[in-house]
Amino acid sequence: MDPHFDWIAVGSGASGLASALWAAHRGLKAIVIEKAPVVGGATAYSYGGLWAPNNMLQRAAGIDDSDEHGLEYLRFLSGGFGEEEKMRMYVKEAAATIEAFAQLGVSFRMIEGLPDHYFPGAPGSLGLGRTLEVVPLPKKALPDSAPALLESPYMPGGVSWSDAIKWGGLGNRYSWAPENLEHAASVYAAGQGLVAWLLLKCIEKGVTLLTQSPATRLLLEDGRIAGVEVREGDRAQQIKGDCGIFLGTGGYECNPEFVRAYQSFPNSAPHHPPTQKGDGLVLAGELGAFIRNIPTSLSSMVGYWIPRPGDEPEFRSAGIQELAYPHSIVVNSEGKRFGNEAFFQEFVVKLREFDVVKKHRYANIPFFLLFDSQFRERYPFANIPPERPLPAWIQRAESLADLARQLSIDAQQLQQTVAKFNDNASAGLDPEFGRGQSLWIRKVGDTKHPINPNLGPLSKAPFYGVELTPTESSSAGLYTDIHGRVMHLRGHAIANLYAGGTVRIRTEYGAGYQAGLTLLGGMTFGRMAVEHALRG
């Protein structure tokens, strides 16, 4: 392989692939470097949403939207942690990025029935058309020579977000029509579908793809980043990039030291691919890059550990799956509910409440997910379908009191909590925390449930329970300007170095979170970085 390129993208998620594809489209010789044997990174794990206000698909459908309303919504989301210049840039360029990649042949569509979430009542929000996804891509469209794609543990293979909504929600997955699942097995969809489309177009444009080649350091020559050193097996190789080096290496969720340094929960568990080690922060940080943190991040979720005999335990996020299904609740060790289980952003904030005097620790940790046999008759748990028995690591009992004793929960208070919860849940109500009221949350629950897509009483034995753990997305990242240039601690741009995706700090939406901002933000910064590099 010729080690000289115009554009080097490190990381094969949406931001890295998009930057390489756009570079190739603009006439640059491009390469994507990936340390794993498969491509896709955290993008392939995702639901694949892309958030673009005032986009071309809305206009084609006659949906009224505007940049001004999109900007108003972003300001609300940011919680004061956003930067006006970057918010304005995102609103202007996100829709342009969708149009640009559509012109390259990537096929997009609106996700039907999905409003702005998780705040459909916020200023500037819109009920339809801003959240997009790729049209599923037939697997046979990728050539046999293409590298394999990372598979998601969260989204059933080949199932798009639109499909899941149309078929009754993720809670209904084991009642989905067999013919639908048969078709899904033949396509790439959701986050994996986005990766597949970008990969296909990269291949068509002649982009070089290098897998199993971790980047070990950036090459600094004459005050600018001139390339990347990678490790291929036992040897190191230097790859030069004349126009630009783009870091799309993802976050650091699987690096315990970085988690303790930057996150709210020192023992936060990862719900991302194991490759997310903070490589980009190390590569750029040792050259003086400014690493900035947003201390209030609302992209956190919760989940649980799955024991695996003879192997490391596996973590599974439950934020918009088990916690959103009826016949379940979450309580702390005192047996009390403390938030809307189905709305992870509101819920996780309650986990950050610190009891200074009595406990001198987080007030609601430890905390537990409890569910009954009605839940088991309808829904999967830990990807185990309803017809299969649950393993022994999941606690179970014939009474709530016995389950409480097994999990070290206050049994008397738990019974009172569940009795109150059941009275309201039987009517599809949660006056205390509003669970089951949000249109978005109802979409990801069980839309075929006779009471409420997110609510149902816990009344049928046996009862089950597991301890939960917070899981966070990276809240710190490389600080860049609006062109994606990585900034030095002393305030100047590091020449020839760009970043996008979760390796950079997302001040275009600050503290808040809206599905589709991260992926489309990465693609947008990937495209803009190339354009800036071409301008010299």
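All of the points below concern the structure found in this document. (Residues numbered from 1 in each chain as written. Predicted model: local features only at pLDDT ≥ 70, side-chain atom pairs only at ≥ 80, totals over all residues. Heavy atoms only, no water.)

Some remarks on a nonpolar patch on the surface
Inference 1: Residues Phe-354, Val-356 and Val-357 make up a contiguous nonpolar surface patch of about 320 Å² in total accessible area.
Inference 2: Along the polypeptide, Val-356 turns up in the loop between strand E16 (354-355) and strand E17 (361-362). (Patch = residues over 30% accessible without salt bridge, like charges linked within 9 Å, V, L, I, M, F, W, Y side chains within 5 Å. Areas by Shrake-Rupley, 256 points an atom, 1.4 Å probe, with all protein chains shown as cover. Salt bridge = Lys/Arg side-chain N within 4 Å of Asp/Glu carboxyl O. Helix = DSSP H or I, 4+ residues; strand = E, 2+ residues; numbered from the N terminus.)

Structural notes on helix H14 (residues 411-425)
Inference 1: An ideal rise of 1.5 Å per residue puts 21 Å on 15 residues; H14 measures up with 20 Å between its terminal C-alpha atoms.
Inference 2: Every buried residue of H14 is listed here: Ala-411, Leu-414, Thr-417, Val-418, Phe-421, Asn-422 and Ala-425. Here the buried residues of H14 occupy an arc of 130° about the axis, which is enough to place them on one side. For H14, exposure combined with an orientation more than 90 degrees from the buried face picks out Gln-412, Lys-420 and Asp-423. (Expected span 1.5 Å × (residues − 1). Buried < 20%, exposed > 50% of the residue type's maximum accessible area, 1.4 Å probe, protein only. Arc of directions from axis to C-beta.)

Overview of the environment of Arg-535
Inference 1: One can find Arg-535 in helix H16 (residues 517-535).
Inference 2: By relative accessible area, Arg-535 is classed as exposed at 57%.
Inference 3: For the pair formed by Arg-535 and Cys-243, sequence separation is 292 residues and the distance between their alpha carbons is 9.9 Å.

Quick look at the side chain of Asn-496
Inference 1: Along the chain, Asn-496 turns up in strand E23 (residues 493-499).
Inference 2: A relative accessible area of 12% places Asn-496 in the buried class.
Inference 3: There is a polar contact of 2.6 Å between the side chain of Asn-496 and the backbone oxygen of Ile-225.
Inference 4: Apart from the residues within four sequence positions on either side, Asn-496 is in contact with Arg-224, Ile-225, Gly-241, Asp-242, Cys-243, Gly-244 and Ile-245. (Polar contact = N/O pair within 3.5 Å; in protein donor to acceptor, adjacent residues only side chain to side chain. Contact = heavy atoms within 4.5 Å.)

As for the sheet that holds strand E5 (residues 131-134)
Backbone-to-backbone hydrogen bonds pair the strands of a sheet. The strands run either parallel or antiparallel.
Inference 1: Strands sit in the order E3-E5-E4 across an open sheet of three strands; the sheet is antiparallel. What marks the edges here is a single partner per strand, and that holds for strand E3 (50-51) and strand E4 (108-110).
Inference 2: As defined by bridge partners, E3 adjoins E5 across two bridges and the pair is classed as antiparallel. Across the sheet, the residue bridging to Leu-50 is Leu-132, located in E5. (Pairing = 2+ DSSP bridges.)

Some thoughts on helix H1 (residues 14-25)
Inference 1: Here H1 spans 16 Å end to end across twelve residues, near enough to the 16 Å set by a 1.5 Å rise per residue.
Inference 2: For H1, the tally of buried residues reaches eleven of twelve residues, placing the bulk of the element in the interior.
Inference 3: Three or more residues of H1 are buried, namely Ala-14, Ser-15, Gly-16, Leu-17, Ala-18, Ser-19, Ala-20, Leu-21, Trp-22, Ala-23 and Ala-24.
Inference 4: Directly beyond the C-terminal end of H1, a positive phi value near 90° is found at Gly-27.

Quick word on the nonpolar core
Inference 1: Of all hydrophobic cores here, the largest spans 118 residues; its most connected members are Trp-7, Phe-101 and Phe-381.
Inference 2: Broken down by element, this core gets its largest block of residues, nine residues, from helix H8 (residues 190-204).
Inference 3: Val-10, Val-228, Leu-283 and Ala-476 belong to the second largest nonpolar core, which has 27 residues in total. (Core = buried A, V, L, I, M, F, W, Y, C linked by side-chain atoms within 4.5 Å.)

Regarding the side chain of Ser-297
Inference 1: Mapping Ser-297 onto the fold places it in the loop between strand E12 (291-293) and strand E13 (301-306).
Inference 2: Taking the relative accessible area as the measure of exposure, Ser-297 reaches 11% and is therefore buried.
Inference 3: Within the local environment of Ser-297, its side chain forms a polar contact with the side chain of Ser-299, the two groups lying 3.1 Å apart.
Inference 4: When near neighbours in sequence (up to four residues on either side) are disregarded, Ser-297 contacts Arg-352, Ser-475 and Ala-511.

Some words on the packing of helix H4 (residues 67-78) against helix H5 (residues 84-103)
Inference 1: Orientation of H4 relative to H5, taken along the N-to-C sense of each, is 135°, at an axis distance of 9 Å. In this view, H4 runs oblique relative to H5, as classed from their interaxial angle. Crossing of H4 over H5 shows right-handed handedness. Across the interface between the two elements, Asp-67, Gly-70, Leu-71, Leu-74, Arg-75 and Ser-78 of H4 pack against Glu-84, Met-87, Arg-88, Tyr-90 and Val-91 of H5.
Inference 2: Here the contact of H4 with H5 is built from residues that sort into five nonpolar, two polar and four charged. (Axes fitted to C-alpha atoms, helices over the stretch in contact; angles between N-to-C directions. Parallel < 35°, antiparallel > 145°, perpendicular 65-115°, else oblique. Left-handed = near helix turned anticlockwise from the far one by under 90°. Nonpolar A, V, L, I, M, F, W, Y, C, P; charged D, E, K, R; others polar.)

Section: the pairing of strand E10 (residues 224-232)
Inference 1: Relative to E10, strand E9 (residues 215-221) runs antiparallel, the two being bridged by six bridges. Paired with Ala-215 across the bridge in E10 is Val-230.
Inference 2: Hairpin geometry of E9 and E10 is characterised by an intervening segment of two residues between the two adjacent antiparallel strands and by a positive phi of about 55° at Asp-222.
Inference 3: Two strands pair when backbone bridges link them, and E10 and strand E11 (residues 235-247) are joined in this way by six bridges, in the antiparallel orientation. Note on E11: the bridge partner recorded for Val-228 is Ile-239.
Inference 4: Where E10 folds back on E11, the antiparallel hairpin that results is connected by two residues, among which Gly-233 adopts a positive phi of roughly 65°.

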